[in-house]
Amino acid sequence: RAPPTMPVEQEPKRPRRDEAVPMETEAGSVPVRPAAAAAPAHENFSPELLRIYYDRIFPVQLMCRWLSYGTQQLVDATEQLLHRREFSFTTGDDVYIRYLSFEDAAGLKKELAAKLPHKIDIGAIFSAAPRDHKKYKLFEPVQREMIIDIDLTDYDFLEVDVKRLETCDRCWPLMALAMRVLERALREDFGFEHILCVYSGRRGIHLWACDTRARLMPNEVRGAVADYLGPMLNPATGRLRIAKPLHPALKRAYEEELQPFFMGTMLPHEAEGGFGILETPLRQEKLLAMLQDDAIAEKCRTEFARRPNVSGPERWKYIVSQCKSSAKLAPVLTEILFTYTYPRLDVNVSKGMNHLLKSPWCVHPKTGRVCVPVDVSDCASFDPSAVPTLKTIAEDLDAAAAGDDGTPISRTGLAKYEAAFDAFLAKMENAIRGERARQKAAAAPPTKQATFAELF
């Protein structure tokens, strides 16, 4: 099949229900919006704080190391990747600028300081520099990390006020669960080794599979991976479709992650640190409706009303006991558990090479928090409310002694996240060097087989 002359343009991701839709423009064009909107009235985010961050803190060298994948020092410029990577900026007045690209870290830093973007998105590596895309009839994506986007707003059973940050923070255990399940699937089921997990700055997570195999996957393969990872929601039942018997990957997730999380976190009441999905009549109705059995649902309502102080796990135990009389309800209970626990992927983000995704290390304008890497092995103890903000970063810089050694970022609360990102890059670069050495050895002409006399 002949490649298209131009890729299908996609937004970085669909706007969430509390986000404005930015106006799109191209690099160098002038926005038609008349005046810049006022800066968000939040003490953790302002143009002045953002300027300090981009000038002194944003790890531009590490970012370019990551997106170059060890190609910046290659003699053949056609093999270098950074200058063919698309960036997009969303400015403070909601102008969305696509097809930005940079030769090096200095060029990226200069543009960040000039435009002070409120949001940075990263796209694919293209066949030519994105800033020159109008010069080419054939301009298409050739590499892209396998990306996954998880957002709390896709968990429709949650009572989350997206405008109240504390309610988003309270739901972090669900994001940590999603991170563990998906990272393990990518690692064990697909063999990817270099998986970067990033907190989105408010209510979600992003996963980037950075292996060479992942970056070279065509859209058809990406779609298959996304479908494998994300069971579809059945609108008629309100449940995720889960085939029986369980696929080994789903069985592993069910036994090791989902079932323990459901019993220990989803069912306990909020006062006990859980989500309390059976705590109130409204929440009970949401779950009972998924049974699609009016008789059993009515029995459960009567029992819950008769014993209002029973715990969430005890109420679930009663539901299970009532469903034992019907063989068809056994898989329904499994689907309900998956519905309340399994990660909700935005599959459209994962399926297309040309889809953009928010960059690590950019700052969420609604919270002032930095989008930092998260260690999947310790994600349960990660505290979103403790993530450095532009305000706390500026305070760290002010408090640091003038004679302190090290880079400015090392004097702030971002130091541990920078160290983790650097370690991730070092491991990935070492693997890339190994790949190149093996490719070089495989391409070398065969050597003459040594004789017995030469060997001995």
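As shown above, the structure is provided for reference.
So, here is what we can say about the structure in this document.

Conventions adopted
- Residues numbered from 1 in each chain as written.
- Predicted model: local features only at pLDDT ≥ 70, side-chain atom pairs only at ≥ 80, totals over all residues.
- Heavy atoms only, no water.
- Helix = DSSP H or I, 4+ residues; strand = E, 2+ residues; numbered from the N terminus.
- Contact = heavy atoms within 4.5 Å.
- Areas by Shrake-Rupley, 256 points an atom, 1.4 Å probe, with all protein chains shown as cover.
- Buried < 20%, exposed > 50% of the residue type's maximum accessible area, 1.4 Å probe, protein only.
- Salt bridge = Lys/Arg side-chain N within 4 Å of Asp/Glu carboxyl O.
- Polar contact = N/O pair within 3.5 Å; in protein donor to acceptor, adjacent residues only side chain to side chain.
- Core = buried A, V, L, I, M, F, W, Y, C linked by side-chain atoms within 4.5 Å.
- Phe/Tyr/Trp six-rings, centres within 6.5 Å; stacked < 30°, edge-to-face > 60°.
- Lys NZ or Arg CZ within 6 Å of the ring centre and 35° of its normal.
- Pairing = 2+ DSSP bridges.
- Axes fitted to C-alpha atoms, helices over the stretch in contact; angles between N-to-C directions.
- Parallel < 35°, antiparallel > 145°, perpendicular 65-115°, else oblique.
- Nonpolar A, V, L, I, M, F, W, Y, C, P; charged D, E, K, R; others polar.
- Expected span 1.5 Å × (residues − 1).
- Bend = angle between axes of the 7 residues up to and from the residue.
- Arc of directions from axis to C-beta.

Focus on the overall build of the chain
Each helix and strand in the chain was counted, giving 16 helices and eleven strands. Sequence-distant contacts in the chain: of pairs separated by 6 or more residues, those separated by 24 or more amount to 70%. Of the roughly 21,700 Å² of accessible surface on the chain, 55% is carried by carbon and sulfur atoms.

Remarks on unusual backbone geometry
Put simply, Lys 244 and Pro 245 share a cis peptide bond, and its omega is 0 degrees. By secondary structure assignment, the location of Pro 245 is in the loop between strand S10 (239–240) and helix H8 (248–266). Residues other than glycine seldom take positive phi values, yet Leu 116 does so here, at roughly 45 degrees. Phi at Trp 361 takes a positive value of approximately 75 degrees, unusual for a residue other than glycine. Classification of Trp 361 by relative accessible area gives buried; the value is 0%.

Observations concerning the pattern of salt bridges
Under the definition given, this model contains 29 salt bridges. The salt bridge involving Glu 86 is made with Arg 98; its shortest N-O contact spans 2.8 Å. Remark: Arg 98 occurs in strand S3 (residues 95–100) and Glu 86 occurs in strand S2 (residues 85–90); sequence separation between them is twelve residues. Neither Glu 86 nor Arg 98 differs from the other in exposure class; each is buried.

Looking at the environment of Lys 391
Residue placement: Lys 391 occurs in helix H14 (residues 390–399). When its relative accessible area of 27% is taken as the criterion, Lys 391 is described as partly exposed. Setting aside its immediate chain neighbours within four residues, Lys 391 contacts Glu 43, Asn 44 and Leu 49. A polar side-chain atom of Lys 391 sits 2.8 Å from a polar atom in the side chain of Glu 395.

Quick notes on the nonpolar core
The biggest cluster of nonpolar side chains holds 126 residues, and the ones touching the most others in it are Tyr 53, Trp 66, Leu 174, Ile 319, Trp 361 and Leu 414. Counting residues per element, this core draws most heavily on helix H5 (residues 172–189), which supplies eleven residues. One finds Tyr 99, Ala 124, Phe 126 and Phe 139 within the second-largest nonpolar core, a separate group that totals five residues.

A few points about the packing of aromatic side chains
Across all of its chains, the model carries 22 aromatic pairs by this definition. A ring pair is formed by Phe 304 and Tyr 318, whose centres lie 6.4 Å apart and whose planes are at 65 degrees; its orientation type is edge-to-face. Placement of Phe 304 in helix H10 (residues 294–306) and of Tyr 318 in helix H11 (residues 312–323) is noted, with a sequence separation of 14 residues between them. In this structure Tyr 318 comes out as partly exposed when scored by relative accessible area, which is 23%. Members of the aromatic cluster, connected to one another through ring pairs, are Tyr 155, Phe 157, Phe 262, Trp 316 and Tyr 340. Over the face of the ring belonging to Tyr 69 we find Arg 215, whose NZ or CZ atom lies 3.7 Å from the ring centre. Arg 315 extends its terminal NZ or CZ atom over the ring of Phe 304, reaching a point 5.7 Å from the ring centre.

What about the sheet that holds strand S7 (residues 195–199)?
Pairing in this open sheet of three strands is antiparallel, and the strands run S6-S8-S7 from one edge to the other. Edge positions in the sheet fall to strand S6 (146–151) and S7, since each has one partner strand and no second. When strand polarity is set aside, the average angle formed by the axes of neighbouring strands in this sheet is 15 degrees. By the bridge criterion, five bridges tie S7 to strand S8 (residues 204–209) in an arrangement that is antiparallel. Across the sheet, Ile 195 pairs through a bridge with Ala 209, a residue of S8. This element, H5, spans S6, S7 and S8 of the sheet and lies at about 15 degrees to S8.

Regarding the packing of H8 against helix H12 (residues 330–341)
Closest axis-to-axis distance for the H8/H12 pair is 10 Å, and the angle between their directions is 75 degrees. Looking at the two axes, H8 sits roughly perpendicular to H12. Contact residues: H8 offers Leu 250, Tyr 254, Leu 258, Gln 259, Phe 261, Phe 262 and Met 266, while H12 offers Thr 334, Leu 337, Phe 338, Tyr 340 and Thr 341. For the contact of H8 with H12, the per-class residue count stands at nine nonpolar, three polar and no charged.

Quick word on the pairing of S7
Of all five residues in S7, five are buried, a share of seventy percent or more. Because side chains alternate across S7, one face comprises the buried residues Ile 195, Cys 197 and Tyr 199, and the other comprises Leu 196 and Val 198, equally buried. A loop of four residues connects S7 with S8, the two strands running antiparallel in sequence, and Gly 201 in this loop sits at a positive phi of about 100 degrees.

Looking at the environment of Leu 62
Within the secondary structure, Leu 62 is located in helix H2 (residues 60–68). Sequence separation between Leu 62 and Ala 105 is 43 residues; the distance between their C-alpha atoms is 8.8 Å. Apart from residues lying up to four places away in sequence, Leu 62 is in contact with Glu 418, Phe 421, Asp 422 and Leu 425.

Here's the deal with H8
A rise of 1.5 Å per residue sets the reference length of H8, with its 19 residues, at 27 Å; its end C-alpha atoms lie only 24 Å apart and thus fall more than 12% short of the reference. Along H8, the largest kink reaches about 50 degrees and is centred on Tyr 254. On its buried side, H8 packs onto H5, helix H7 (219–229), H11 and H12.

Some remarks on H7
The periodicity of an α-helix, 3.6 residues per turn, causes residues three or four places apart in sequence to face the same way. What H7 keeps buried is the set Arg 222, Gly 223, Val 225, Ala 226 and Leu 229. What you see down the axis of H7 is that its buried residues fit within an arc of 165 degrees, all on one side.

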